[in-house]
Amino acid sequence: MTTRVGPAADPRSRVDGLGWVSRAVFPDDRVGLTVDGALPAGHQAVARYAVVPSVARARFLVPLGAPRAGAASLLAYNALRPPKVRALRAVLGGLARFGRVGLAPFPTLTVSVPAGVPAAELLLSERLSADLGDTPLLAAFGVRPPDPNGKPTLQLFSADGRPRGYAKIGWNDATRALVSAEAAALRALRGVVGVADHPTPPRLLTETSWAGQVVAVIEPLPPAVRGVPVDDPPRIAALLAVARRGGPAGTPRPLVDSTFLHRLADQAGRAAATEPTGARAVAAVSALARRHGDTSVEFGHWHGDWVPWNLGWHAGRLVAWDWEHSGPDVPVGFDLAHDAFQRALVLRGEPADAAASAVDGYLSRHGERLGLDAAQRRLVADAYLVEMWLRTWRLADAGAGWNAALHPALLDVIEKRHSG
C-alpha cells in the first residue's frame with residue numbers, strides 16, 4: 001500500500017475541518033492529496049480543487065477543470081441561504097466562472113491515484129458516477145468543523161453545472177444510522193409523491209456501502225425552490241398528511257398499550273445499562289406511563305426534524321428534505337412539538353426549559369387542529385421531550401457525543417414536569 005504523503009502536504013493529517021472532511025471523502029491511503037506540491041511518485045492526477053479561502057481556514061473545495069460546475073457548486077440553491085452566506089457565495093461563484101484563472105489566488109488541492117489503478121476503485125465520486133449512469137460527474141464539498149454528528153456531503157454536478165445529486169456520507173455509527181434511516185424513509189415515501197397536502201420529498205437516487213461508510217445519494221432540490229420563512233406558521237394539513245402518509249386518520253389507542261411506549265422503555269433500559277443518567281430516563285418513561293397511560297391518542301409517522309430550514313416551496317407545493325430522523329408509530333403531533341422546540345432552542349437560543357414551554361404553547365394554540373384535546377396535548381408534549389432525550393442518548397451512544405444544550409438539562413425539565 002502506498003504511504004501517504006507527509007503531514008505538511010496531506011490535509012488528512014490535519015485535526016481541523018479540512019482534515020475531517022478529507023478523511024471521510026478520501027479514506028483510501030492509496031489516494032494522494034497534495035496542496036500546491038509535487039505528486040507522490042508513480043501517481044497521476046485525477047482531480048483538482050481550489051481550497052477557499054485557505055488551507056488553515058478552508059470553507060469550500062471547489063472543483064477545477066469545469067468552470068460551470070465550479071460556479072454551480074457555490075451558486076446552486078443560494079436563495080435558501082442566509083444573506084451574508086449568499087453574498088459570499090455569489091462573489092466566489094463569479095470567480096469560479098473563470099475556472100482556474102478566477103480561483104488562482106487560492107491554494108490548489110490535487111487528488112492523485114497510482115498509475116494503472118482505476119479511479120473508480122479508489123474515489124467515491126467515480127464510484128457514484130458509475131452508479132448514476134456512468135456520466136462523468138464533478139464533486140464539490142463544503143468544509144465544516146469536525147462534528148461526530150455531521151455528515152460530509154459531496155455535491156455532484158455534470159460539467160455543464162447541472163446538479164445531479166447530493167451524497168451524504170455516514171462515517172461513524174451515529175451518522176451511518178442516520179444516512180440509512182433517511183434512505184429507508186425516502187424509499188417508503190415514493191408512494192406519497194403528489195398526494196394532497198403531503199410535502200414533496202426528494203428521491204433517493206442510490207445507496208451504497210463504500211470503504212466502511214454508508215452513502216446515500218439524494219436527488220437535487222428543484223433549482224427554483226425557495227425557503228420557508230423562519231417565522232412561518234405551522235402547516236397543519238401538511239403535518240397531518242405526513243403523519244397519515246396521505247391516508248385517513250388512524251384509530252386512537254391508549255398510550256399504555258402502544259408499541260411506542262414499549263420502544264421508549266426498551267431504549268431507556270439500554271441507556272441505563274451504558275450511561276449513569278440512563279436510570280433517570282427509565283424513571284421518566286415510567287412516570288410518562290403513570291401520568292398518561294390511559295390517554296388514547298392517534299399514532300402515525302413523523303418527519304423527525306420538521307423545522308422551517310428543512311422546508312421550501314416549489315411550483316405551489318411544499319418541499320421537505322432531511323428525513324434522517326423520520327419514523328413510524330409516534331403520537332400525532334410530534335412534528336408540531338419539534339417545530340416549536342427547535343425554533344426556541346436553535347433560532348432564539350433559549351434553554352431547554354424555555355424550549356419545552358414553547359412546545360406547550362404551540363400545542364395549546366394549534367393542537368386542536370390536529371384533533372388533540374387537552375389531555376392528548378399534554379401527552380404529546382411529555383412524550384416528545386422523553387423521545388428527544390433518548391435521541392440525544394442514541395447519538396451519544398453511537399459516538400456523536402452529547403448535545404450540551406439538551407443533556408442533562410432536558411432530563412431536569414422532564415423530571416420537573418412529572419413532579420408538578
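The structure displayed is predicted, hence computed values, not measured ones. (Residues numbered from 1 in each chain as written. Predicted model: local features only at pLDDT ≥ 70, side-chain atom pairs only at ≥ 80, totals over all residues. Heavy atoms only, no water.)

### Brief notes about the pattern of salt bridges
Now for step 1: Within the structure shown, the criterion is met by 25 salt bridges.
Now for step 2: A salt bridge links R30 to D28; its shortest N-O distance comes to 2.9 Å.
Now for step 3: Given the relative accessible area of 24%, R30 is considered partly exposed.
Now for step 4: Two residues, R162 and D160, come together in a salt bridge whose shortest N-O distance is 3.1 Å.
Now for step 5: Among the ionic contacts, a cluster of salt bridges with common partners joins R291, D360, D382 and R417. (Salt bridge = Lys/Arg side-chain N within 4 Å of Asp/Glu carboxyl O. Buried < 20%, exposed > 50% of the residue type's maximum accessible area, 1.4 Å probe, protein only.)

### Examining the pairing of strand β8 (residues 204-210)
Now for step 1: Bridge count for β8 against strand β9 (residues 213-218) is six bridges, and the pairing is antiparallel. Looking at the pairing, S209 lines up with V214 of β9.
Now for step 2: In sequence, β8 turns back onto β9 through a hairpin of two residues, with A211 there showing a positive phi of about 55°. (Pairing = 2+ DSSP bridges. Helix = DSSP H or I, 4+ residues; strand = E, 2+ residues; numbered from the N terminus.)

### Thoughts on the sheet that holds strand β5 (residues 138-142)
Now for step 1: On the basis of which strands lie adjacent, the open sheet formed by nine strands has the order β1-β4-β2-β3-β5-β6-β7-β9-β8 and antiparallel pairing. Only two strands of the sheet have a single partner each, and these edge strands are β1 (32-35) and β8. Direction aside, the axes of adjacent strands within the sheet are offset by 25° on average.
Now for step 2: Pairing geometry for strand β6 (residues 153-157) and strand β7 (residues 163-170), over five bridges, is antiparallel. Of the residues in β7, the one forming a bridge with T153 is K168. (Axes fitted to C-alpha atoms, helices over the stretch in contact; angles between N-to-C directions.)

### A word on unusual backbone geometry
The phi torsion of most residues other than glycine is negative, and most of the peptide bonds are trans.
Now for step 1: At the junction of V52 and P53, the peptide bond is cis and its omega measures out at -5° in the coordinates.
Now for step 2: As for its placement among the helices and strands, P53 is situated in the loop between β2 (43-52) and β3 (60-63).
Now for step 3: A cis geometry characterises the amide bond from H407 onward to P408, with omega recorded as 5°.
Now for step 4: Within the secondary structure, P408 sits in the loop between α13 (374-400) and α14 (409-419).
Now for step 5: We note that D36 has phi near 50°; this positive angle belongs to a residue other than glycine.
Now for step 6: When you line up the elements, D36 lands in the loop between β1 and β2.
Now for step 7: Although it is not a glycine, A315 sits at a positive phi angle of roughly 55°.

### What to know about the environment of A279
Now for step 1: Of note, A279 is situated in helix α10 (residues 278-292).
Now for step 2: A residue is classified by how much of its surface remains accessible, and A279, at 47% relative accessible area, is partly exposed.
Now for step 3: Considered as a pair, A279 and A375 are 96 residues apart in the sequence and their alpha carbons are 27 Å apart.

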